[in-house]
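Coordinate inspection notes
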Amino acid sequence: MTLRNLTPEEEAVFDLIKEQREQNDTYDDYFLYDAERGARTLRHDGKASKYGIGLSEQHKIIRKMVRDGILDANWVTEADDDKLDYKFKYPIEDEILNRYKIALDPVFGAGGHYRDKYIIKLSFNYIKNINDTCRPKYQCTLSCDKTQRLFIRCNKEKLVIKKLKYGMLPSEVLKNAVKRHTEVITRDCLNKSKDNKLHIGKLSIATQVFDKNSIVRNELKPFVRLSPDGIKVTPTVQLTLIQLNKIREICF
């Protein structure tokens, strides 16, 4: 599974799921999520209109998170009201189905009662993993100080990048891009510079100036957009805790 950053809309829906999980006193990690109840919460919090999330949009967001491997959830795709028989999107264990069968049965509620329900497996440890890995909430800025060292400022913390060979081509190109962050710095622009340290000839910026082991393509990736012919720095970004901790490892 490769986790990615959540969109603001996904964060809003994940918070609904987390809240219902925390309120559910199950002995394992499975619980029944009520999307209609979640929709009421979104309307009450003002997030429904802020993010444009109605009930149908909530379903789409949940199912995309499942397809992307972020969420472990299952739902009924077809139901036979007479036989109380269900077809689920994904195979489901009999023990889990039997536990939630009555809650899903349309006979015990309004017709189609099951449509807004999800059987979700979500541990508290996984909630922490999502919060640390997928939720950018630390505003950080990449800058160059008076000594020409590159550093990252996050709140009151100044992280000076140590894993960078200053004076060498990669660091000089990166510093130039940081200082001129309002522009895309092209190969032609670098080659025409009066500073010989910036001349890259025909090298690809994306793969040769910065190789696969470069911190620019790894730890500093959230700040830098690369192409064979250009580099663009976004100096201020939101990082996840995992991303911030990785940056701490290359700094002092």
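Below is a summary of the structure that appears in this document. Everything numeric here is computed off the predicted structure, so don't read it as measured data.

Rules and cut-offs
Here the residue numbering is sequential within each chain, running from 1 through the sequence in written order. Local features are withheld for residues below a pLDDT of 70 in this predicted model, meaning they are given only at 70 or higher, and side-chain atom pairs are given and counted only at 80 or more; totals for whole chains, interfaces and linings count all residues. In computing side-chain values, all of the structure's heavy atoms are included and hydrogens and water are not. For helices, the fitted axis covers only the stretch in contact; all axes are lines through C-alpha atoms, and the angles between them, taken along N-to-C directions, range from 0 to 180 degrees. Here a helix means four or more residues in a row that DSSP labels H or I, a strand means two or more in a row labelled E, and each is numbered from the N terminus. Here roughly perpendicular refers to angles of 65 to 115 degrees, roughly parallel to angles under 35, roughly antiparallel to angles over 145, and oblique to all remaining angles. Each helix crossing is assigned a hand: it is left-handed if the near helix lies turned anticlockwise from the far helix by less than a right angle, otherwise right-handed if that turn is clockwise. In this description, contact between two residues means that some pair of their heavy atoms is separated by no more than 4.5 Å. Nonpolar cores are built from buried Ala, Val, Leu, Ile, Met, Phe, Trp, Tyr and Cys residues. Side-chain atoms within 4.5 Å join them into one set. Burial status follows relative accessibility: with a 1.4 Å probe on protein chains alone, a residue under 20% of its type maximum counts as buried, one over 50% as exposed, and anything between as partly exposed. The rule for pairing is simple: two strands pair if DSSP sees at least two bridges between them. Think of it as three bins: nonpolar holds Ala, Val, Leu, Ile, Met, Phe, Trp, Tyr, Cys and Pro, charged holds Asp, Glu, Lys and Arg, and polar takes everything else, Gly as well.

**Details of the packing of helix α1 (residues 8-23) against helix α6 (residues 124-133)**
It is the contact of α1 with α6, at a shortest axis distance of 11 Å, that shows an interaxial angle of 155°. By the criterion of interaxial angle, the relationship of α1 to α6 is roughly antiparallel. The way α1 lies across α6 gives a crossing that is left-handed. Residue-level inspection shows Phe14, Lys18, Arg21 and Glu22 of α1 in contact with α6, the latter providing Phe124, Ile127, Ile130 and Asn131.

**Points about the nonpolar core**
Within soluble globular proteins, side chains that are nonpolar generally end up buried alongside one another. Counting 38 residues, the largest nonpolar core has Ile17, Tyr33, Leu71, Leu104, Ile119, Ile120 and Leu122 as the members making the most contacts within it. Broken down by secondary-structure element, the contributors of at least two residues to this core are α1, β1 (30-34), α2 (35-45), α4 (55-67), β4 (85-88), α5 (94-104), β5 (117-121) and α6. Per element, the largest residue contribution to this core is 5 residues, and it comes from α1. Every residue in contact with Ile17, bar those within four places of it in the chain, is listed here: Phe31, Tyr33, Ile62, Leu71, Ile120 and Leu122. The next biggest cluster of nonpolar side chains, apart from the first, holds 32 residues, and it includes Cys140, Ile185, Phe210 and Leu220.

**Details of the sheet that holds strand β11 (residues 230-233)**
Spatial ordering of the open sheet is given by β9-β11-β10, a layout of 3 strands whose pairing is antiparallel. Only two strands of the sheet have a single neighbouring strand rather than two, namely β9 (185-186) and β10 (224-227). Judged from the 4 bridges that link them, β10 and β11 form a sheet pairing that is antiparallel. Within β11, the position partnered with Arg225 by the bridge is Lys232. Docked against the sheet, helix α7 (residues 169-179) engages β9, β10 and β11, running at close to 50° with respect to β11.

**Brief notes about the packing of α1 against α2**
Where α1 contacts α2, the axes come no closer than 10 Å and their chain directions differ by 120°. Classified by the angle between their axes, α1 and α2 sit oblique to one another. In the crossing of α1 with α2, the sense of the turn from one axis to the other is right-handed. Of the residues in α2, those in contact with Ala12, Leu16, Glu19, Gln20 and Gln23 of α1 are Arg37, Gly38, Thr41 and Leu42. A class-by-class count of the residues in the contact of α1 with α2 yields 3 nonpolar, 4 polar and 2 charged.

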